[in-house]
Amino acid sequence: MHMHTEIIPHYLQAVIRRSNNYLMNPVCSKTQLGHVRLQTLSVCSCIPMIVPFSKRSCRLYLVPFDAFYGQCGLRSFGADSLSGVRGRHPRKHVISGVLDPEVLQRSDIVSETHMKSSGSLNDLEEQLQELFNEVKTLIKLGKNDDAVDLLLANYEAVKEQVDSGAQGIEEAAALDVIALGFMAVGDLRTVGSTMDMLHKIVNVINDEEQLIDSILMHMGNIYAKLEKFELSINFYQRSLQIMERKYGTKSSLLCTPLMGIAKVLGSIGKASEAIETYHHVIKILELSRGEGEELIVPLSALGNLLQKEGKASDAEYTFNRVLNIYIRLYGEKDGRVGVAMCSLAQVKCATGDINEAIDLYKNAMEILRNSTQMGLDDQVMEKMRIELAELLHVAGRGAEGRALLEECLSISEKSKGKHHPSLVPHLVNLATSYSGSKIFGEAERLLRISLQIMMKNVPPDDPAITFPMLHLAVTLYNLHRDEEAESLAADVLRIREEAFGKESLPVGETLDCLVSIRSRMDKADGELVELLKRVLKIQEKAFGPESEEVMETMKKIVHYMDKLGIKDEKYPLQRRLSILRNKHKHMVKY
């Protein structure tokens, strides 16, 4: 018997479509169904504040499965935890270094009177600066365990002082830096206990104390990273109030806490308030600094939020300002201009100007290739090539897009070697492109190479291996090698159920694929219905009971129930499906 041709091909097309959404964006982003938002090439602080903390790059080595299923990308938690704190502050606070017990004793942390002397406070600041510098050095050298040991030793030393009754600005400053250090190494458990202690201390510290505004800003930043948004806003606002009294309501120094507040407001769904706050920051900077580079960060953040909220025309105006600032300051051939063009290209995609977006991407890449600011193997360049390749495929120019994907693979092979796991996303991207052109033989070859690479680099039951494996199963299905396809899909299902749980989105996608394969193999329709019911349950939980994904799965269930003659269960599903069809029919598609 042949499978029902009007239904089953659509199943696998859905799998391929969802895969395409990920594949053309292998470097993680916050939402995988949209375009990856590029970071600006050079992020300048909008105000002077504290010690500049460098970003640690987060390069993809293994396939990020949770990003593939529309969840948050695999970003190193410590990689950008301090990225918002850059520049200088009127007082240098950030603080790193080793707290020598003898120096602590000499500084008399226990003796509040002695610590009030400016000399002792400066000594402590220097020690804390050394501590943080050493932590950063250890992290850079890959000695995270040593960094944690160093921070824990200092945490215990400060905790002992706090337990003995010392709860002044010195203890708060030390705990602040220790918390920043734990964030940098990703030790969230100890960050939590450190922040709890710091929270209690700052609640009793007077707002006039030196350094308190900086400490409160750091606390707002850390609580935002811990997704404790209410606490984050509270500390940012207290810091803002202190700084307004010190520097006035029009000082550019207010921009850091305001930016923190705006980011949190955007994270908790208060977009209107966040947009208003970003505009407030921009107005302050325009009055105090003019149309300068300090505007880049708030304008970019505002543009991203406007785009997320579907206000494409406003976002386009904002990103045009960013582009014009860079052109005026650095000329049309500067690399920063290229990166700004990419942000503008993404807005053009949102407004449907695909060809204009393609031209912007091509111009941006040409600028970056000719500049000395970025190598061909740079992660930003890689993202640009992949995003442009995706656009070219959407525009029906698959051959051009495939050439870019081949360039990505070639560059990675030269920089990493032919067997490095970072090649896997590029191989799968190329395979997807060939599959889209129905060149399934070449797609199979590339997927088998990617699977071999994964098998050499991860254990056989590692969930990362299931990504190329499921793609290979789909390709084999298209080559009518159903038994091989089913065997691979069954292996994927087993690994993902163990890794993610039986009701996870990765399992749901695998079940959907398995139904399509087994349907053509004349498997029992009753078995297929049970598998689809599992898919439906997973999708209802993940996407909501009225989502398009749920509607498509319900169509399949009704189809098989009709074949089996299961009328009692079919009719309620048919009524629900009819309601959903009418709803989605009248929805505007973007």
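Above this text you will find the structure in question.
Residues numbered from 1 in each chain as written. Predicted model: local features only at pLDDT ≥ 70, side-chain atom pairs only at ≥ 80, totals over all residues. Heavy atoms only, no water.

**A word on helix α13 (residues 296–308)**
Its 13 residues place the ends of α13 18 Å apart at the C-alpha level, agreeing with the 18 Å of an ideal helix rising 1.5 Å per residue. Buried within α13 are the following residues: Ile 296, Pro 298, Leu 299, Ser 300, Leu 302, Gly 303, Leu 305, Leu 306 and Gln 307. Along its buried surface, α13 packs onto α11 (255–267), α12 (271–289), α14 (312–330) and α15 (335–350). After α13 finishes, the residue Gly 310 shows a positive phi value of roughly 80 degrees. (Helix = DSSP H or I, 4+ residues; strand = E, 2+ residues; numbered from the N terminus. Expected span 1.5 Å × (residues − 1). Buried < 20%, exposed > 50% of the residue type's maximum accessible area, 1.4 Å probe, protein only. Contact = heavy atoms within 4.5 Å.)

**Observations regarding the packing of helix α9 (residues 212–225) against helix α10 (residues 229–247)**
Between α9 and α10, the least distance of the axes is 8 Å, while the angle of their chain directions is 155 degrees. By the angle between their axes, α9 is roughly antiparallel relative to α10. Relative to α10, the crossing made by α9 is left-handed. Residues Ile 212, Asp 213, Leu 216, Met 217, Met 219, Gly 220, Asn 221, Tyr 223 and Ala 224 of α9 lie in contact with α10, whose contacting residues are Phe 229, Leu 231, Ser 232, Phe 235, Tyr 236, Arg 238, Ser 239, Ile 242, Met 243, Lys 246 and Tyr 247. Tallied by class, residues from the contact of α9 with α10 come to 13 nonpolar, 4 polar and 3 charged. (Axes fitted to C-alpha atoms, helices over the stretch in contact; angles between N-to-C directions. Parallel < 35°, antiparallel > 145°, perpendicular 65-115°, else oblique. Left-handed = near helix turned anticlockwise from the far one by under 90°. Nonpolar A, V, L, I, M, F, W, Y, C, P; charged D, E, K, R; others polar.)

**Section: the packing of aromatic side chains**
For the structure shown, the criterion picks out 2 aromatic pairs. Ring geometry for Tyr 223 against Phe 235: centres 5.6 Å apart, planes inclined by 15 degrees, an arrangement best described as stacked. Highlighted residues: Tyr 223 in helix α9 and Phe 235 in helix α10, separated in sequence by 12 residues. With relative accessibility at 1%, the residue Tyr 223 sits in the buried group. Ring centres of Tyr 326 and Tyr 330 lie 6.1 Å apart, and the angle between their planes is 40 degrees; this geometry places the pair in the tilted category. Remark: Tyr 330 and Tyr 326 occur in helix α14; sequence separation between them is 4 residues, near one turn of the helix. Classification of Tyr 330 as partly exposed rests on a relative accessible area of 31%. Directly above the ring of Tyr 330 sits Arg 336, whose terminal nitrogen or CZ lies 3.7 Å from the centroid. Between Arg 520 and the ring centre of Tyr 477, over which it is positioned, the NZ or CZ distance is 3.7 Å. (Phe/Tyr/Trp six-rings, centres within 6.5 Å; stacked < 30°, edge-to-face > 60°. Lys NZ or Arg CZ within 6 Å of the ring centre and 35° of its normal.)

**Some details on the nonpolar core**
Judged by nonpolar contacts, the single largest core of 118 residues is most densely connected at Met 341, Met 384, Leu 388, Ile 465, Leu 511 and Met 554. If you tally residues by element for this core, the top one is α15, at 9 residues. If you look at the next biggest cluster of nonpolar residues, it comprises 43 residues, including Leu 131, Leu 150, Ile 169 and Leu 216. (Core = buried A, V, L, I, M, F, W, Y, C linked by side-chain atoms within 4.5 Å.)

**A word on the packing of helix α24 (residues 525–543) against helix α25 (residues 548–564)**
Direction vectors running N to C along α24 and α25 enclose 160 degrees, while the axes themselves pass 9 Å from each other. The angle between α24 and α25 places the two elements in the roughly antiparallel class. Taken as a pair, α24 and α25 cross one another with a handedness that is left-handed. Residues Asp 525, Gly 526, Leu 528, Val 529, Leu 532, Lys 533, Val 535, Leu 536, Gln 539, Glu 540 and Phe 543 of α24 form the contact with α25, whose participating residues are Glu 549, Val 550, Thr 553, Met 554, Lys 556, Ile 557, Tyr 560, Met 561, Lys 563 and Leu 564. Among the residues making up the contact of α24 with α25, the classes are represented as 12 nonpolar, 3 polar and 6 charged.

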